[in-house]
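Analysis of the macromolecular model
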Amino acid sequence: GDKQDEKFLRHYYLNGEATLEASLAKAGVKPEDITDMVLTHMHFDHCGGSVKYTADKSGFELAFPNATYWASRQQYQWATHPNRREKASFLKENILPIEESGHLKLIEEEGEYIPGIEFKLYSGHTDGQVIPHIHVNGKTVVFMADLMPSAAHIPMPWIMAYDTRPLITLQDRERFYKEALENNYILFFEHDLYHEAAVLEDTPKGARVKEAGKLEKFL
Ligand SMILES: [Zn+2]
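The paragraphs below set out a description of the structure included in this document. Since this is a predicted model, take the numbers as computed values, not measurements. (Residues numbered from 1 in each chain as written. Predicted model: local features only at pLDDT ≥ 70, side-chain atom pairs only at ≥ 80, totals over all residues. Heavy atoms only, no water.)

As for the packing of aromatic side chains
All chains considered together, the criterion is met by eight aromatic pairs. On the basis of an interplanar angle of 70 degrees and a centroid distance of 5.7 Å, the ring pair of W70 and F119 is categorised as edge-to-face. Here W70, found in strand β4 (residues 68-72), pairs with F119, found in strand β7 (residues 117-122); they are 49 residues apart in sequence, far enough to count as distant. Across this residue pair, the class does not change: W70 and F119 are buried. Ring geometry for Y113 versus F119: centroids 5.5 Å apart, planes at 25 degrees, classification stacked. Assessed through its relative accessible area of 1%, F119 is described here as buried. Here the aromatic cluster, defined as three or more aromatic residues joined through ring pairs, consists of Y122, F176, Y177 and Y185. (Phe/Tyr/Trp six-rings, centres within 6.5 Å; stacked < 30°, edge-to-face > 60°. Helix = DSSP H or I, 4+ residues; strand = E, 2+ residues; numbered from the N terminus. Buried < 20%, exposed > 50% of the residue type's maximum accessible area, 1.4 Å probe, protein only.)

Let's talk about the coordination of the zinc ion
The protein atoms that coordinate the zinc ion are H41 (NE2), H43 (ND1), H125 (NE2) and D146 (OD), at distances of 2.1 to 2.2 Å. One can describe the donor arrangement at the zinc ion as irregular, given that its four donor atoms subtend angles of 89 to 170 degrees at the metal. Expressed as a motif, the donor residue spacing for the zinc ion is H-x1-H-x81-H-x20-D. (Donors = N, O, S within 2.8 Å, 3.2 Å for Na, K, Ca; no water. Tetrahedral: all angles 85-135°; square planar, octahedral: opposite > 155°, others 65-115°.)

Focus: the sheet that holds strand β1 (residues 36-38)
Pairing is parallel in the open sheet, where three strands are placed in the order β1-β4-β5. Of all strands in the sheet, those with a lone pairing partner are β1 and β5 (104-107), marking the two edges. Taking the axes of each pair of neighbouring strands and ignoring which way they run, one obtains an average angle of 30 degrees across the sheet. One ladder, built from three bridges, connects β1 with β4; its direction is parallel. Within β4, the residue paired with D36 across the bridge is T68. (Pairing = 2+ DSSP bridges. Axes fitted to C-alpha atoms, helices over the stretch in contact; angles between N-to-C directions.)

Let's talk about a negative patch on the surface
On the surface, a cluster of negative charge is contributed by D2, E21, E32 and D33. Within the secondary structure layout, E32 lies in the loop between α2 (20-26) and β1. Since its relative accessible area comes to 40%, E32 is described here as partly exposed. (Patch = residues over 30% accessible without salt bridge, like charges linked within 9 Å, V, L, I, M, F, W, Y side chains within 5 Å. Areas by Shrake-Rupley, 256 points an atom, 1.4 Å probe, with all protein chains shown as cover. Salt bridge = Lys/Arg side-chain N within 4 Å of Asp/Glu carboxyl O. Lys, Arg positive; Asp, Glu negative; His and termini not counted. Charge placed at Lys NZ, Arg CZ, Asp CG, Glu CD.)

Brief notes about the environment of L121
Looking at the element boundaries, L121 is found in strand β7. By relative accessible area, which is 15% here, L121 ends up buried. Considering only alpha carbons, one finds L121 and I131, ten residues apart in sequence, at a separation of 6.1 Å. Contacts of L121, omitting those with residues within four sequence positions, involve S72, Q74, I107, E108, E109, E110, G128, Q129, V130 and R175. (Contact = heavy atoms within 4.5 Å.)

Function-wise, these values are silent; they only describe arrangement.
Listed below in structure tokens is the structure:
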């Protein structure tokens, strides 16, 4: 988002001149057109763009004024009563304005909350991370968020030091790989600088990338 100071953005905003709004405009979509916004979780790098300064910078407003903002109740609890490890990742200016707007919708279990989009829950990285499974053209695209930030994280023991419960992450992955291999999921990575998407194959060493590339190529 645009709410942090220069030092913060220098560390974390590595997108050059690119902004969410500009990328949407390129796709012919205006912020007001967005109907649903899924917050996989509330670490600032996954939800900061949801809320922006008002024009005079005296307060905050939704970046997508007509959207329903989806998150899990487990994550909301976790984010608003943070443990000391994650505390610096949960910024109240990213979360409270959404709640105050009345646009926040909290789910408690997995399900198809938006037609064609199923939400599944994983808790190794942070409690109640929502992983959207998007059904399109008879295929399933999975928005990986921090369940698996990049293709490099696919070999089983490669888990992030930041995960709050690494042993749960391993269980999350076992479940995810089984489903992904059975259903030929297309994995879409949020944090991978080199690979936008990938499909998996089973090998004697476990799940590995079969093919990686632009999302369009798999659809
Ligand atoms: Zn995260």
